[in-house]
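Structure at a glance
Read off the chains here:
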Amino acid sequence: MVEQAYPVTDPAMLRALAHPLRQRIMWELAARGHARAADLAAVTGAPANSLSFHLRTLAKAGLVQESPEHARDGRDRVWQMTHPEGLDLPSVEGGPGVDPLMAERLDWLRGILDESIQRDPKATRAIYLGAVMLTKDESRTMAEEVVEVFDRWRELGVREVAAHPDDPERVFHFTAAFVGNPRPGDAVRDVEVHDLGGSVAGAPDENGSIAT
């Protein structure tokens, strides 16, 4: 059963999330389970004192909290998401701070599709675009199953990065899934997927893309 994400309705939370580095912090904590400011500085390239400031801002907004069970001593500050089940963000019209959030997500998607985001040689890049005829209940069940798959692999990553924090082969992968139908009156358009290679069975090819 998919755990219900925490609905973000507090304007203070949305304002805190509007900053790109704070969004990156949230993604890293979701992928890693917990981290120190120094850990986040190493993966983001931002100064540790800047990371500490942004972590305190997120904590003040109720989005992150200290994780003393992972601290080495009383002075060691380790952070985790307050809502590890995830955040349910409102639509663009939902309130202050939402527009920057949507812009960040759209920029990432655009960069993946048009290949403007540089590939990490240690990561896989896969794109699947498909269509299916389903009832509303069936489509909801399919979406929940996809989320369960993503969550299972995320939890594996959290366990492995805790057990082997210095593994150079374990790198950040961003994942996304969308289920929906066209708006009424939308024209059918051709969709281009880059680097399909020779695969026709739905498996990633040597470039990390998926053919449909």
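Residues numbered from 1 in each chain as written. Predicted model: local features only at pLDDT ≥ 70, side-chain atom pairs only at ≥ 80, totals over all residues. Heavy atoms only, no water.

So, about the packing of helix α2 (residues 20-32) against helix α3 (residues 37-44). A pair of packed helices is captured by two measures, namely the crossing angle of their axes and the spacing between those axes. For the pair α2 and α3, interaxial distance at closest approach is 11 Å and the crossing angle is 110°. The pairing of α2 with α3 is recorded here as roughly perpendicular in orientation. On α3, the residues touching L21, R24, I25, E28 and R32 of α2 are L40, V43 and T44. Broken down by class, the residue content of the contact of α2 with α3 amounts to 4 nonpolar, 1 polar and 3 charged. (Axes fitted to C-alpha atoms, helices over the stretch in contact; angles between N-to-C directions. Helix = DSSP H or I, 4+ residues; strand = E, 2+ residues; numbered from the N terminus. Parallel < 35°, antiparallel > 145°, perpendicular 65-115°, else oblique. Contact = heavy atoms within 4.5 Å. Nonpolar A, V, L, I, M, F, W, Y, C, P; charged D, E, K, R; others polar.)

Counted by the stated rule, this structure contains 3 aromatic pairs. Between W108 and F174, the ring centres sit 4.3 Å apart and the planes meet at 40°, which makes this aromatic pair tilted. One end of the pair, W108, is in helix α5 (residues 98-113); the other, F174, is in the segment after α6 (136-163), and 66 residues separate them in sequence. The interplanar angle of 65° and the centroid separation of 6.2 Å between the aromatic rings of F172 and F174 together place this pair among those described as edge-to-face. A residue is classified by how much of its surface remains accessible, and F172, at 32% relative accessible area, is partly exposed. Positioned above the aromatic ring of F172 is the side chain of R24, whose terminal nitrogen or guanidinium carbon lies 5.9 Å from the ring centre. (Phe/Tyr/Trp six-rings, centres within 6.5 Å; stacked < 30°, edge-to-face > 60°. Buried < 20%, exposed > 50% of the residue type's maximum accessible area, 1.4 Å probe, protein only. Lys NZ or Arg CZ within 6 Å of the ring centre and 35° of its normal.)

It is the contact of α3 with helix α4 (residues 48-60), at a shortest axis distance of 8 Å, that shows an interaxial angle of 115°. Taken as a pair, α3 and α4 cross one another with a handedness that is right-handed. Here A37, L40, A41 and T44 of α3 lie close against α4, whose contacting residues are A48, L51, S52 and L55. For the contact of α3 with α4, a count of residues per class yields 6 nonpolar, 2 polar and no charged. (Left-handed = near helix turned anticlockwise from the far one by under 90°.)

Taken together, the side chains of V149, F150 and W153 present a nonpolar region at the surface, about 290 Å² in accessible area. Mapped onto the fold, F150 is located in helix α6. (Patch = residues over 30% accessible without salt bridge, like charges linked within 9 Å, V, L, I, M, F, W, Y side chains within 5 Å. Areas by Shrake-Rupley, 256 points an atom, 1.4 Å probe, with all protein chains shown as cover. Salt bridge = Lys/Arg side-chain N within 4 Å of Asp/Glu carboxyl O.)

Turning our attention to unusual backbone geometry. A negative phi holds for most residues other than glycine; trans holds for most peptide bonds. Phi angles above zero are rare outside glycine, and E115 is one such case at about 65°. Turning to its location among the elements, E115 is positioned in the loop between α5 and α6.

Counted at 1.5 Å a residue, the expected span for α2 with its 13 residues is 18 Å, and the 18 Å between its end C-alpha atoms agrees. Those residues of α2 not exposed but buried are L21, R22, Q23, I25, M26, E28, L29 and A30. Trailing α2 by a residue or two, G33 shows a phi angle of about 90°, which is positive. (Expected span 1.5 Å × (residues − 1).)

Our next topic: the pattern of salt bridges. Tallying each qualifying case throughout the model produces 11 salt bridges. For D76, the salt bridge is made with R36, and the minimal N-O distance between the two is 2.8 Å. Of the two residues, D76 is situated in the loop between β2 (64-66) and β3 (79-81) and R36 in the loop between α2 and α3; the sequence distance between them amounts to 40 residues. R36 carries the same exposure label as D76, and that label is buried. In this structure, R154 engages D151 in a salt bridge whose closest nitrogen and oxygen atoms are separated by 3.9 Å. On the criterion of helical spacing, the pair formed by R154 and D151 is a turn pair, its members being 3 residues apart in helix α6. Put simply, R36, D39, R72 and D76 are held in one network by salt bridges that share partners.

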